[in-house]
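# Summary of structural features
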Amino acid sequence: MSKHPTTWNNQMIKRMNKEMVLNSVMESAPLSRADIVQQLGLNKGTVSSLVNELIEEDLIHESGTGESSGGRRPVMLLFNEHAGYAIGIDIGVNYILGVVTNLAGGIVHEKLKKTRDLSVHQLTSLVSATIRYLMEQVPPSKYGVIGIGIGVPGIVDTAGKVLIAPNLKWQDVDLKRILEKEFQCPIFIENEANAGAYGEKRFGAGRNSHSMIYVSIGIGIGSGVILNDELYRGSNGYSGENGHTTIIVDGKECTCGSRGCWEAYSSEFALLQSAEQHEHLAGASLEDLITLADAGNPAALELFQTLGTYIGIGIANLIKTYNPEQVIIGNRIRQAEHLIRNPIMEAVHSSSLPFQRAGLQINFSELSTYSAAAGVSAFAIEGFLKFSQRPLAGPGFPV
Ligand SMILES: [Zn+2]
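Just so you know, the residues in each chain are numbered from 1, in the order the chain's sequence is written. The predicted nature of this model means local features are confined to residues of pLDDT at least 70 and side-chain atom pairs, given and counted, to a pLDDT of 80 or more, with totals for whole chains, interfaces and linings taken over all residues. Hydrogens and waters are ignored; side-chain quantities use all the structure's heavy atoms.

## Considering unusual backbone geometry
Geometrically, the link from Ala29 to Pro30 is a cis peptide bond, its omega value of 0° lying close to zero. For helices the rule is a DSSP run of H or I covering at least 4 residues; for strands it is a run of E covering at least 2, with both sets numbered from the N terminus onward. Relative to the helices and strands, Pro30 is located in the loop between helix H1 (5-28) and helix H2 (33-40). Not every positive phi belongs to a glycine, and Asp172 is a case in point at roughly 50°. Inspection of the secondary structure assignment puts Asp172 in strand E9 (residues 170-173). Only protein chains enter the area calculation, which uses a 1.4 Å probe; residues under 20% of their type maximum are buried, those over 50% are exposed, and those in between are partly exposed. With relative accessibility at 47%, the residue Asp172 sits in the partly exposed group. Phi is positive for Asn228, which is not a glycine, with a value near 45°. Summarising the element assignment, Asn228 is placed in the loop between strand E12 (221-227) and strand E13 (230-232).

## Considerations on the environment of Lys18
You can see Lys18 is positioned in helix H1. Among the residues examined, Lys18 registers a relative accessible area of 0% and is labelled buried. Two N or O atoms count as a polar contact when they lie within 3.5 Å, although within protein this holds only if one can serve as hydrogen donor and the other as acceptor, and sequence-adjacent residues are included solely when both atoms are side-chain atoms. At 2.9 Å, the side chain of Lys18 forms a polar contact with the side chain of Glu57.

## Overview of the coordination of the zinc ion
Any nitrogen, oxygen or sulfur atom within 2.8 Å of a metal ion counts as a donor, with the limit raised to 3.2 Å for Na, K and Ca, and since water is left out, coordination shells can look unfinished. Coordination of the zinc ion by the protein comes from His244 (ND1), Cys254 (SG), Cys256 (SG) and Cys261 (SG), over a distance range of 2.0 to 2.3 Å. Angles of 104 to 124° at the metal separate the four donor atoms of the zinc ion, which places the site in the tetrahedral class. Sequence positions of the donors to the zinc ion reduce to the motif H-x9-C-x1-C-x4-C. Of this pair, His244 sits in the loop between E13 and helix H7 (263-266) while Cys254 sits in the loop between E13 and H7, placing them 10 residues apart in sequence. Only two sets of limits are used to name each site, 85 to 135 degrees for every angle of a tetrahedral four-donor site, and over 155 degrees for opposite donors with all other angles from 65 to 115 for a square planar four-donor or octahedral six-donor site, with any other site named irregular.

## Describing the environment of Leu289
Take Leu289: it is sitting in helix H9 (residues 286-294). Taking the C-alpha atoms as reference points, Leu289 and Gly105, separated by 184 residues in sequence, lie 33 Å from one another. Residues count as neighbours in contact if any of their non-hydrogen atoms are within 4.5 Å of one another. Beyond its immediate stretch of four places on either side in the chain, Leu289 contacts Leu271, Leu272, Ala275, Leu281, Ala284, Ala300, Leu303 and Phe304.

## Structural notes on the side chain of Ser128
Mapped onto the elements of the fold, Ser128 is located in helix H4 (residues 120-137). The class for Ser128 is buried, based on a relative accessible area of 8%. Among the polar contacts made by the side chain of Ser128, one reaches the side chain of Glu182 at a distance of 3.2 Å. Apart from residues lying up to four places away in sequence, Ser128 is in contact with Leu179, Glu182 and Phe183.

## Let's talk about the packing of H2 against helix H3 (residues 44-56)
At a minimum axis distance of 10 Å, the contact between H2 and H3 shows a crossing angle of 120°. By the angle class used here, H2 and H3 are oblique. Relative to H3, H2 is oriented so that their crossing is right-handed. Contacts between H2 and H3 involve Arg33, Ile36 and Val37 from the first element and Lys44, Val47, Val51, Asn52 and Ile55 from the second. Here the term charged refers only to Asp, Glu, Lys and Arg, the term nonpolar to Ala, Val, Leu, Ile, Met, Phe, Trp, Tyr, Cys and Pro, and the term polar to all other amino acids, Gly among them. The residue inventory of the contact of H2 with H3, partitioned by class, reads five nonpolar, one polar and two charged. Think of each axis as a best-fit line through the C-alpha atoms, taken over the contacting stretch in the case of a helix, with angles from 0 to 180 degrees between the N-to-C directions. Note on terminology: angles under 35 degrees are roughly parallel, angles over 145 are roughly antiparallel, angles of 65 to 115 are roughly perpendicular, and the others are oblique. A clockwise turn of the near helix away from the far one marks a right-handed crossing, whereas an anticlockwise turn of less than a right angle marks a left-handed crossing.

Put into structure tokens, the structure is as follows:
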């Protein structure tokens, strides 16, 4: 307990109110001070002084005048999405995608790099180099880079340590600590499917869903679960490892050491592995296989048909477990939407009951391959704008 509980409480209440005022502007702008008073039920003086502080801190600005039923037209308030920028990095199994976003999540710069079989040191060095490059691209602003979010295809603990990422061959990599040594801003490490779910919820196809599951299908499979508008991380942060649930007893070997995992049948890796069985498809990439299937190659078409069926079976399992409003399929497999949509829908239909599918939507990601990068960037932005969760003392950022 603080020595001055009243002062502490007052400060905390003020911060929470300020956060509410800012959220109102972010969600409903343009709006006037009177609109905020009405929306939040705070008194006029409080709103006015908090708005003034936020204007001084460059987080909101005044713009033009709004409609008025009579008398003086009110001044309208807008969120200043250019007051700072966040960096989001999606570490894929065979790529690194980095973005710079403004405070509203808009992507202002991006960088994609293909990777292959890198050691932990090589890959983390490449992540650092990508961050340094993106930092140079950040437009001038009051707060500069307010945080860096990193999405990793593996299990991340609450301290930002990657416990295991089978497809990267990572074990116990303290990514947060490695990056904190080099970069002096808050760093957020998150499982990439959780990040993708959050990205789609904030900015993409999941905007209007209260409960949805984002299934990230690249070389591996992970899923991020949004329940009642919040990301469900599980008690230790390890939820969503559906890629490693068994769908076939004693089935194909999986990178996790187990057998018959959903990911061993339904991922980009599974597709490439099946392609190896065909002499003229061996060595083809996902993009090559899509081109071949589009040209009517029967073997390639068959591979996508089988892949879609297995994806659909796993999705039916998720639907039965969570009863979501929406399932969003994202990451690299999204490029093959036109080839796998029908087999997915057929498998979901044949493996679930009509009431389980009532009102359910199955969509492909709206943010294309940006879901995870935009999602981790959003975590960094949220960390910056949540005044009430920051230490009371601390220079630099607004309090
Ligand atoms: Zn597995």
